[in-house]
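These are the residues of each chain, in order.
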Amino acid sequence: MSQTEEKLENNADKILAEAVRKSEMIEKDIAVNPKKYRVLTGDRPTGNLHIGHYFGSLKNRVRLSRLGVPTMILIADYQVLTDHDAFDKISQNTKQLVIDYLAAGIEPGKDVCIYPHSHVPEANQLMVPFLTLISSSELDRNPTVKDEIEKSGMKSVNAGMLTYPVHQAVDILFCKGNVVPVGKDQLPHLEVARLIARRFNNKFCPENPIFPEPYALLSKTPMIKGLDGSAKMSKSLGNTIMLCASEDETAKLIKKAKTDQERHISYDPVNRPEVANLLQIISLCTGEEPEAIAERIGDGGGGMLKSVLTEALNEELRPLRTKRAELENNMDYIRSVLKEGVVQAREIAVKTLEEVRSVMNMEI
């Protein structure tokens, strides 16, 4: 390892340690002072959501919004263009995301805004000044972008992909979001947003800073692996259970899930990762510890493990799926949620853009 690589690794460790410390502080305070925070979260409209999204982020969004935390839920449709050829399905996928959100229990209103960022031009105008605050070498070093480029198989990197973290900074800062629920792999993106906020404030408005430096709210939910035992549940790998799947489809998918040859079920994430993953999903559904579930199944083997998982997951998702079926037949309402969200987001963006123009001496 070179000195530069070692320095970057040490810096990443420091960033992670500070993020964990701050996340724990925010988690304690947010239940007491919910209005002190504004959460920015969201998804790219590349298809329906699966149970990894549900346990990893959707349930937490519902929790935060019900605590009264102002929540901006972004549908990042522009970002689909950076590494996907699915632009012909963006509109359809956007509406399906809203259906998943509402079915999961998110209630749009005064403090909960759902919107696609392509419809908020005032926010996107921040992209130009933000790009002047970060160097190309800093963007080149972003490990999350490197990983996404590798996964996409891109032979040449378009500028949209390279500046992806800057656009995410726009998404976070236009609404003055100060909390972003993320996993550890997204911390480099969030550091770019923090860096841009700090540099903007220092350069243009040191006495009266406009932008807060956003902090991570790190997920405590264990990563759900794919049903094939791969590293992560992913739509592109086809190893998921979609929220829109029926109970019968869920049962069939779980039957195909990878386990191992040992009949006695035990919770051992290191030596039996596939079995441990299924036990974790049951635990997320029932609240029972994975070890206790394993002990209860005992010599029932993989067949009983999959049966218990099927019952638990279908029970957990039944209300969501019932609500989802209702919403599928009310697309006018789904469109109204998006249009109202755009109005809310633009009102916020206009005010922020006016502040930005003022401190940059661009008023006329």
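Just above sits the structure.
Described in the following lines is the structure provided in the data block. All of these numbers come straight from a predicted model, not from anything done at the bench. All residue numbers refer to position in the chain's written sequence, counted from 1. Note on the predicted model: pLDDT of at least 70 is required for a residue's local features to be given, and 80 or more for side-chain atom pairs to be given and counted; whole-chain, interface and lining totals, by contrast, use all residues. Only heavy atoms go into the side-chain values, all of them from the structure, while hydrogens and water stay out.

## Digging into the packing of aromatic side chains
Condition: In this scheme Phe, Tyr and Trp rings, the latter by its six-membered ring, pair at centre separations within 6.5 Å, and the angle between planes marks the pair as stacked below 30 degrees, edge-to-face above 60, and tilted otherwise. Starting at the N terminus, helices and strands are each numbered in turn, a helix being any DSSP run of H or I of at least four residues and a strand any DSSP run of E of at least two. Only protein chains enter the calculation, and the probe is 1.4 Å; a residue is then buried if its accessible area is under 20% of its type maximum, exposed if over 50%, and partly exposed in between. By the criterion adopted, a ring carries a charge over it if an Arg CZ or a Lys NZ lies within 6 Å of its centre and within 35 degrees of its normal.
Counted according to the given criterion, the structure contains six aromatic pairs. Consider the rings of Phe130 and Phe200, whose centres lie 6.3 Å apart with planes at 75°: the pair is edge-to-face. Of this pair, Phe130 sits in helix H6 (residues 127-131) while Phe200 is found in helix H11 (residues 187-204), placing the two residues 70 residues apart along the sequence. Phe200 gets classed as buried once you look at its relative accessible area, which sits at 0%. Measuring from ring centre to ring centre gives 4.7 Å for Phe200 and Phe204, while their planes differ by 45°; the resulting arrangement is tilted. Linking Phe200 with Phe204, this pair stays in helix H11, spanning four residues, or about one helical turn. Residue class for Phe204 comes out partly exposed when judged on its relative accessible area of 24%. A network of ring pairs unites the aromatic residues Phe130, Phe200, Phe204 and Phe211 as a single cluster. Taking the ring centre of Tyr215 as reference, the NZ or CZ of Lys22 above it sits at 4.7 Å. Above the plane of the ring of Tyr215 lies Arg194, whose end atom (NZ or CZ) is 4.5 Å from the centre.

## Regarding helix H13 (residues 273-286)
An α-helical turn contains 3.6 residues, so a residue and the one three or four places further along point in the same direction. Selection rule: Any helix carries an expected span of 1.5 Å times its number of residues minus one.
Along its 14 residues, H13 runs 20 Å from first to last C-alpha, staying within 8% of the 20 Å computed at 1.5 Å per residue. Counting buried positions along H13 yields 11 of 14 residues, so the element is predominantly enclosed. Of the positions making up H13, those classed as buried are Glu274, Val275, Ala276, Asn277, Leu278, Leu279, Gln280, Ile281, Ile282, Ser283 and Cys285.

So far we have only geometry, and geometry alone does not tell us how the molecule works.
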